[in-house]
Amino acid sequence: MFDYSIRTPEFGLFEKELEFADELRINNIETSDVFFGKRLCALDGEETEKLRDLLIDSGKKIVLLECSLPLSDEDGWKMTFRKALTLNVKGIGIVLGEKDDPSFVCFLSKSYSIPLYIKNTAGSFVEDENRMKELTDAYQEIRLIFDPYEFVCKERHPFFHAYYASKIKDRIDFLRINDGLYGTHERVMLHSGCCEIKELASIMLSRSYKGYFSFTPYLDKNGLDTYKETIKIFKNELKNM
């Protein structure tokens, strides 16, 4: 009925990420671009096939590949997109700085029909909904990950200040499910803080949201039981909407 995605804790072994996701019955994976100790673009043919086999055997798909390559590494990006196509990756996350030019990765994104994703991060070049709108207006290949906690870190209401009056609503494909407090910016269990997740999810679904509710290791020592509790709380909120 709803689509969930998961970025697991860092295990250093992709097989463990898949097993962890399997425990939570989530098949949509968010992951870094490092596999077997190498960036995706550096994997040889045998390693790429092994990775593809793991995904097929597990019944999982990578919906967000968060890449750490500098945007200036054109050869690296060419290879990344080529391998991402082989792996049926659904989206590629990038980090944009003020001096970065995303034109080349946008060209690859359009060529391979794999969208790019940016996330709001407090204190960074992409820190609010206004910057997100500027970038998505300028580059149609860029779509959005909306992170409520990062708005709380800016002492803003994620729903009332950042989302409600914004013009980025139709560009959001991932809503990070997390929570935190104003003032201290302490990360807390879902429904205990100021991230307004219930309000965000409710209005997004009322607008026929087709994206992912994204669970990430945002809490310290974020293990299986913490994920289960977070997912349980969120699903109960969905039931009561």
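Residues numbered from 1 in each chain as written. Predicted model: local features only at pLDDT ≥ 70, side-chain atom pairs only at ≥ 80, totals over all residues. Heavy atoms only, no water.

Draft legend 1. Fine view of the packing of helix α8 (residues 197–206) against helix α9 (residues 224–239). Between α8 and α9, whose axes approach to 10 Å, the crossing angle comes to 50°. Classified by the interaxial angle, the pair formed by α8 and α9 is oblique. Considering how the two elements wind past one another, α8 and α9 form a crossing that is right-handed. Contact residues: Ile197, Lys198, Ala201 and Leu205 in α8; Phe234, Glu237 and Leu238 in α9. In terms of residue class, the contact of α8 with α9 is built from 5 nonpolar, no polar and 2 charged. (Axes fitted to C-alpha atoms, helices over the stretch in contact; angles between N-to-C directions. Helix = DSSP H or I, 4+ residues; strand = E, 2+ residues; numbered from the N terminus. Parallel < 35°, antiparallel > 145°, perpendicular 65-115°, else oblique. Left-handed = near helix turned anticlockwise from the far one by under 90°. Contact = heavy atoms within 4.5 Å. Nonpolar A, V, L, I, M, F, W, Y, C, P; charged D, E, K, R; others polar.)

Draft legend 2. Spotlight on the side chain of Thr8. Of note, Thr8 is situated in the loop between β1 (3–7) and α1 (14–23). Once residues within four sequence positions are removed from consideration, Thr8 is found in contact with Glu17, Phe20, Ala21, Glu30, Pro217 and Tyr227.

Draft legend 3. A look at the packing of aromatic side chains. Applying the stated rule across the entire model yields 18 aromatic pairs. Consider the rings of Trp77 and Phe81, whose centres lie 6.2 Å apart with planes at 45°: the pair is tilted. Here Trp77 pairs with Phe81, and both are found in helix α3 (residues 74–86), just 4 residues apart, close to one helical turn. With a relative accessible area of 0%, Trp77 lands in the buried category. Plain terms: the ring middles of Tyr209 and Phe213 are 5.5 Å apart, the flat faces sit at 50° to each other, and that makes the pair tilted. Assigned by exposure class, Tyr209 and Phe213 land together as buried. An aromatic cluster is built from Phe2, Tyr4, Tyr209, Phe213, Phe215 and Phe234, whose rings are joined through pairwise contacts. (Phe/Tyr/Trp six-rings, centres within 6.5 Å; stacked < 30°, edge-to-face > 60°. Buried < 20%, exposed > 50% of the residue type's maximum accessible area, 1.4 Å probe, protein only.)

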